[in-house]
Amino acid sequence: MIPGSFDYHRPATVQEAARLVASLGEDARVVAGGHSLIPMMKLRMAAPAHLIDLQGVEGLAGIAVSGGEVRIGAMTTQHMLIEDAALAQAAPLVREAALQIADPQVRYMGTIGGNLANGDPGNDMPGLMQCLDAAFTLVGPEGARQVRAREFYFGAYDTARAEDEILSEIAFSGHAGAGYAYEKQKRKIGDYATAAAAVLLRMEGGRCAAASVAMTNLADRPIFSQAAADALVGSPLDAAALDAAVAAMQGDIAPGADTRGPVEFKRHVAGVMLRRAVARAASRA
Amino acid sequence: MSKMHVKLTVNGKAVEALAEPRTLLIHFLREELGITGPHIGCESSHCGACTVDMGGRSVKACTMFVAQANGAEITTVEGLAAADGTLHPLQEAFREHHGLQCGYCTPGMITRAYRLLQENPSPTEAEVRFGLAGNLCRCTGYQNIVKAVLAAAPVMQAQKEAAE
Ligand SMILES: Cc1cc2nc3c(=O)[nH]c(=O)nc-3n(C[C@H](O)[C@H](O)[C@H](O)COP(=O)(O)OP(=O)(O)OC[C@H]3O[C@@H](n4cnc5c(N)ncnc54)[C@H](O)[C@@H]3O)c2cc1C
Ligand code: FES
Ligand code: FES
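So, how was this worked out
- Residues numbered from 1 in each chain as written.
- Chains lettered and ligands numbered in written order.
- Predicted model: local features only at pLDDT ≥ 70, side-chain atom pairs only at ≥ 80, totals over all residues.
- Pairing = 2+ DSSP bridges.
- Helix = DSSP H or I, 4+ residues; strand = E, 2+ residues; numbered from the N terminus.
- Axes fitted to C-alpha atoms, helices over the stretch in contact; angles between N-to-C directions.
- Core = buried A, V, L, I, M, F, W, Y, C linked by C-beta atoms within 7 Å.
- Buried ≥ 20, exposed ≤ 12 C-beta atoms within 10 Å, placed from the backbone.
- Contact = placed C-beta atoms within 7 Å.
- Near = placed C-beta within 6 Å.
- Nonpolar A, V, L, I, M, F, W, Y, C, P; charged D, E, K, R; others polar.
- Domains from an automatic or database assignment.

(A) Geometry of the sheet that holds strand β1 (residues 4-10) of chain B. Residues and elements named next belong to chain B. The strand order β2-β1-β5-β3-β4 describes an open sheet built from five strands, whose pairing is mixed. Lying at the two open borders of the sheet, with one neighbouring strand each, are β2 (13-19) and β4 (57-60). Between one strand axis and the next, the sheet turns by 40° as a mean value, whatever way the strands run. Bridge count between β1 and β2: seven bridges; the pairing is antiparallel.

Below, the structure written as structure tokens:
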């Protein structure tokens, strides 16, 4: 398990990091927490000649909550997400999901930016951020631009981020007052999801007034299911509405068979996760 | 790919060495520094036997390049006992409550439990289990490990209060 050799860089500003990425080109990779990249490097599935460590970059880690709006620096670790009281109040869905990622040691190192930029369909944060309708800030040689989480993922390890861009910040509106739930089925603690569902909903007069649904590890990218949300809105969240939402979600996902099970099983678990998530979100709305 | 100059503080001592950036921290500790408390169980980020404390975080030293650790303060299980050899309350509790059998997982368990109890000085049993979820043990069935950590918590508290 010896990774390939590389030269190590530790830039101090995001501009310097972006310049390094641009000048070193394809041979360079940024490393955040390293808990997706280093395992890949050990297997030599990744062998960058230059590693650009973002840990020393000023201002990339931190959580700001103001007026219900949340901004999170890319280098904020999952541990920091769990510990932040203001975030837990403004967007408790994030904490609930972060607690279900990996194990304590991984969460001390793994960052939200790395989890989102990685592009592995098994990662939990991308679906979560689609549910929250987050926007990502990407910094490249020509400056910064924003891409919505719902438009960021094209396929496995294929995202809207250009090779010379660095994900610097994640922004979304808090969901105070909305019901929320992150339901994840995994084989053991520390495992990626067999299926996971992120749900937000608002109730008015006993009926669902708004909903957002995203599914994880059930396709080559996270799946934001507008159709599942539409099936819930306007309903009292009765059995018919739940059946319709599950059917709609099934139309959007495309799971593949792997060590976590055959396609039929994944579809079954996806339905169970969505039902549980809607029920728990409703109980909190 | 040249070697780089790394400077760390390990168990309170300043350490300097030339190392390839790709050297995993666990290999650096064990082979370069001869600190063999942290073990290599899986070498694939799953078992926690390699856990060390780095700047107040429990980290798996098999999933960290020495280059990333450059400048950090690291504590391994060797750094927990007092200077006169008196065992740390966690080490004492593991002995007292039979929290180990073969001992392979023990340095990682104790180092992880050390950080857990700094952050949550009086955890519930469920919190101990959740907090140790990144450490695997093939021998004990975890019961006595959890017991030991729960027993060490008030002792560590009392020591802290006495020191204040
Ligand atoms: C045992 C184990 C269990 C795990 N279980 C889960 C789980 O259940 N759910 C889950 O979601 N994840 C899981 N993970 C993955 C973990 O959460 C990773 O930490 C995370 O996916 C990546 O974050 P990182 O900071 O470690 O990124 P890194 O590994 O440093 O980087 C990942 C990729 O993103 C790129 N990158 C990183 N940061 C940026 C940035 N700011 N801008 C542009 N590109 C960037 C890197 O170049 C690399 O290609 C697990 C990992 C392990 C080792
Ligand atoms: S040896 Fe590091 S986690 Fe197993
Ligand atoms: S005591 Fe043997 S692995 Fe834990």
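(B) Examining unusual backbone geometry more closely. At Asp-133 of chain A, a position not held by glycine, the phi torsion is positive, near 55°. Tracing the backbone shows Asp-133 of chain A in the loop between α8 (125-131) and β6 (135-140).

(C) Broad picture of the nonpolar core. Membership of the largest hydrophobic core comes to 139 residues, with the highest contact counts inside it found for Val-199 and Leu-274 of chain A. Not counting chain neighbours up to four residues away, the residues in contact with Leu-274 of chain A comprise Ala-197, Val-213, Ala-228, Ala-245, Val-246 and Met-249 of chain A.

(D) Representation of the site of ligand 1. Taken together, 32 residues sit near ligand 1, with Ala-32, Gly-33, His-35, Gly-110 and Gly-114 of chain A positioned nearest. Near ligand 1, the surrounding residues belong to chains A and B. Of all elements in the fold, only β2 (28-31), α2 (37-42), α6 (104-109), α7 (112-118) and β10 (166-173) of chain A reach the threshold of two or more residues within the shell around ligand 1. Counting residues per element, the shell around ligand 1 draws most heavily on α7 of chain A, at five residues. When the residues that make up the shell around ligand 1 are grouped by side-chain class, the tally is 16 nonpolar, 14 polar and two charged. The residues that make up the shell around ligand 1 include at least three from each of domain 1 (7-55) and domain 2 (63-173) of chain A.

(E) Broad picture of the sheet that holds β10 of chain A. Residue and element names in this part refer to chain A. Strands sit in the order β4-β5-β10-β6-β7 across an open sheet of five strands; the sheet is antiparallel. Sheet topology places β4 (63-66) and β7 (143-148) at the edges, where each strand pairs with a single neighbour. Within this sheet the neighbouring strands show an average axis-to-axis angle of 20°, counted without direction. Bridging between β6 and β7 involves six bridges; their strand directions are antiparallel.

(F) Structural context of helix α1 (residues 25-32) of chain B. Residues and elements named next belong to chain B. Of all the residues in α1, the buried ones are Leu-25, Ile-26, His-27, Phe-28 and Leu-29. Looking at the buried residues of α1, the elements they touch are β2 and α2 (66-69). Just beyond α1, the residue with positive phi is Gly-34, at close to 70°.

(G) Examining the pairing of strand β13 (residues 207-216) of chain A more closely. All names here are of chain A. Buried residues dominate β13, accounting for seven of its 10 residues. For strand β12 (residues 195-204) and β13, the ladder comprises nine bridges, and the chain directions are antiparallel. Bridging from a neighbouring strand, Val-199 pairs with Val-213 of β13. Pairing of β13 with strand β14 (residues 223-224), which is carried by two bridges, proceeds in the antiparallel orientation. Across the sheet, residue Ala-214 finds its bridge partner in β14, namely Phe-224. What sits between β13 and β14 in their antiparallel hairpin is a turn of six residues, with Asn-217 showing a positive phi close to 65°.

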